[in-house]
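# Architecture and fold: a report
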Amino acid sequence: MQGKLYAIGTGPGSSDLITVRAARLLGTLDVLYAPAGRRGGDSLALSIVREYLGPQVEVRERHFPMSTHGDEKEQVWDSVAEEMASDVAAGRQVGFVTLGDAMLFSTWVFLLERLQGRVPMEVIPGVTSFAAIAARAVFPLAMEQQSMAVVSCTSPEQELEHALRQHDCVVMMKVYGRFPMIRNLLSRLGLLDNALMMSEASLPNEQCFRQLSALGDDVALPYFSTILVNKSWLA
């Protein structure tokens, strides 16, 4: 049997938001790679899919450093990509799980750069965090002729302001650590009433904040926090 690599989006966090296609595939894999943010730490992506794994699957957790040191990251991506390529060459069905959707702000893309064209592969889409947030908060992402942008809040403030001015709806991901600046920017642009934030969407500790002006600079936000803005909808 020919080996193949599958990138599998797990969805935002709740195990029942994984797609049927992904659940069926997970039961047939020979090897599953799961990213962990800390050495020896638990993999959230793995915890989401564990109930769908077949008894034959070999689970390999790999630490992907969150540091800004490019050389360290490159070495890890190179090493894991070579492991995966070797498994596929041996005729194994190999999976890589990643939170949300594999093609959006995902570690998978760095592996894709190294493996595309080298091994047979398929990407299984997943529910994005912002789609889950919109549903959970009953807050439309975009309507009719509205334009929508998805931005990372690690971008410079002027780029975030440009997106907020140019688009009717904006998804602001990676809010953690930059909330005071983002709140002040939304206030300056008169958009606080049209914005909400959700942390850990679909997980047991989910929190939804509809009055961002009431949150102080010292608010302790979970890592997985995202803001939705819709200029035609009140939060």
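An account of the accompanying structure is given in this report.

### Observations regarding the pattern of salt bridges
Applying the stated criterion to the full structure yields 17 salt bridges. Residues Glu58 and Arg60 are paired through a salt bridge, measuring 2.9 Å at the closest nitrogen-oxygen approach. On the basis of relative accessibility, which here comes to 33%, the residue Glu58 falls in the partly exposed class. The partner of Arg60 in a salt bridge is Glu83, and the shortest N-O contact between them spans 3.9 Å.

### A short note on helix H4 (residues 108–115)
Listing the buried residues of H4 in full gives Trp108, Leu111, Leu112, Arg114 and Leu115. In an axial view of H4, the angular spread of the buried residues amounts to 165°, which keeps them on one side of the axis. A positive phi of about 85° marks Gly117, the residue just after H4.

### Observations concerning helix H6 (residues 157–166)
Along H6, the positions that sit buried rather than exposed are Leu160, Glu161, Ala163 and Leu164. Seen from one end, H6 has its buried residues packed into an arc of 160°, which puts them on one side. Those residues of H6 that are exposed and aimed more than 90 degrees away from the buried face are Gln158, His162, Arg165 and Gln166. Where the residues of H6 are buried, they touch strand E6 (148–152), strand E7 (169–173), helix H7 (179–188) and strand E10 (225–230).

### Brief notes about the sheet that holds strand E8 (residues 195–199)
Within the open sheet, the five strands sit side by side as E6-E7-E10-E8-E9. Their pairing is mixed. Lying at the two open borders of the sheet, with one neighbouring strand each, are E6 and strand E9 (207–209). Pairs of neighbouring strands in the sheet enclose a mean axial angle of 15°, with direction left out of account. Two strands pair when backbone bridges link them, and E7 and E10 are joined in this way by four bridges, in the antiparallel orientation. Within E10, the residue paired with Val171 across the bridge is Leu228.

### Re the sheet that holds strand E1 (residues 4–9)
Across the sheet, which stays open at both edges, the five strands sit in the order E3-E2-E4-E1-E5 with parallel pairing between neighbours. Single-partner strands in this sheet number two, and they are strand E3 (58–63) and strand E5 (121–124). Going across the sheet, the axis of each strand differs from the next one's by a mean of 20°, ignoring polarity. Pairing of strand E2 (residues 31–36) with E3 involves six bridges; the strand directions are parallel. What sits directly across from Leu32, in E3, is Val59. Together, E1, strand E4 (93–98) and E5 form the strand contacts of H4, whose direction differs from that of E5 by roughly 160°.

### Brief notes about the pairing of E1
The buried fraction of E1 amounts to five of the six residues, a majority that puts the element mostly inside the structure. By the bridge criterion, six bridges tie E1 to E4 in an arrangement that is parallel. In the strand pairing of E4, Ile8 is matched with Val97. Examined bridge by bridge, E1 and E5 share four bridges and lie parallel to one another. Directly across from Tyr6, in E5, lies its bridge partner Glu122.

### Thoughts on the nonpolar core
The biggest cluster of nonpolar side chains holds 25 residues, and the ones touching the most others in it are Leu164, Met172, Leu186, Met197, Leu212, Ile227 and Val229. Of all the secondary structure elements, the ones that give two or more residues to this core are E6, H6, E7, H7, E8 and E10. The element best represented in this core is H7, accounting for five residues. With residues near it in sequence (within four places) discarded, Val229 still touches Phe139, Leu164, Asp168, Cys169, Val170, Met172, Leu186, Leu191, Asn194 and Ala195. With 20 residues, the next largest nonpolar core counts Tyr33, Phe64, Trp77 and Val80 among its residues.

Procedures and definitions
- Residues numbered from 1 in each chain as written.
- Predicted model: local features only at pLDDT ≥ 70, side-chain atom pairs only at ≥ 80, totals over all residues.
- Heavy atoms only, no water.
- Salt bridge = Lys/Arg side-chain N within 4 Å of Asp/Glu carboxyl O.
- Buried < 20%, exposed > 50% of the residue type's maximum accessible area, 1.4 Å probe, protein only.
- Helix = DSSP H or I, 4+ residues; strand = E, 2+ residues; numbered from the N terminus.
- Arc of directions from axis to C-beta.
- Contact = heavy atoms within 4.5 Å.
- Pairing = 2+ DSSP bridges.
- Axes fitted to C-alpha atoms, helices over the stretch in contact; angles between N-to-C directions.
- Core = buried A, V, L, I, M, F, W, Y, C linked by side-chain atoms within 4.5 Å.

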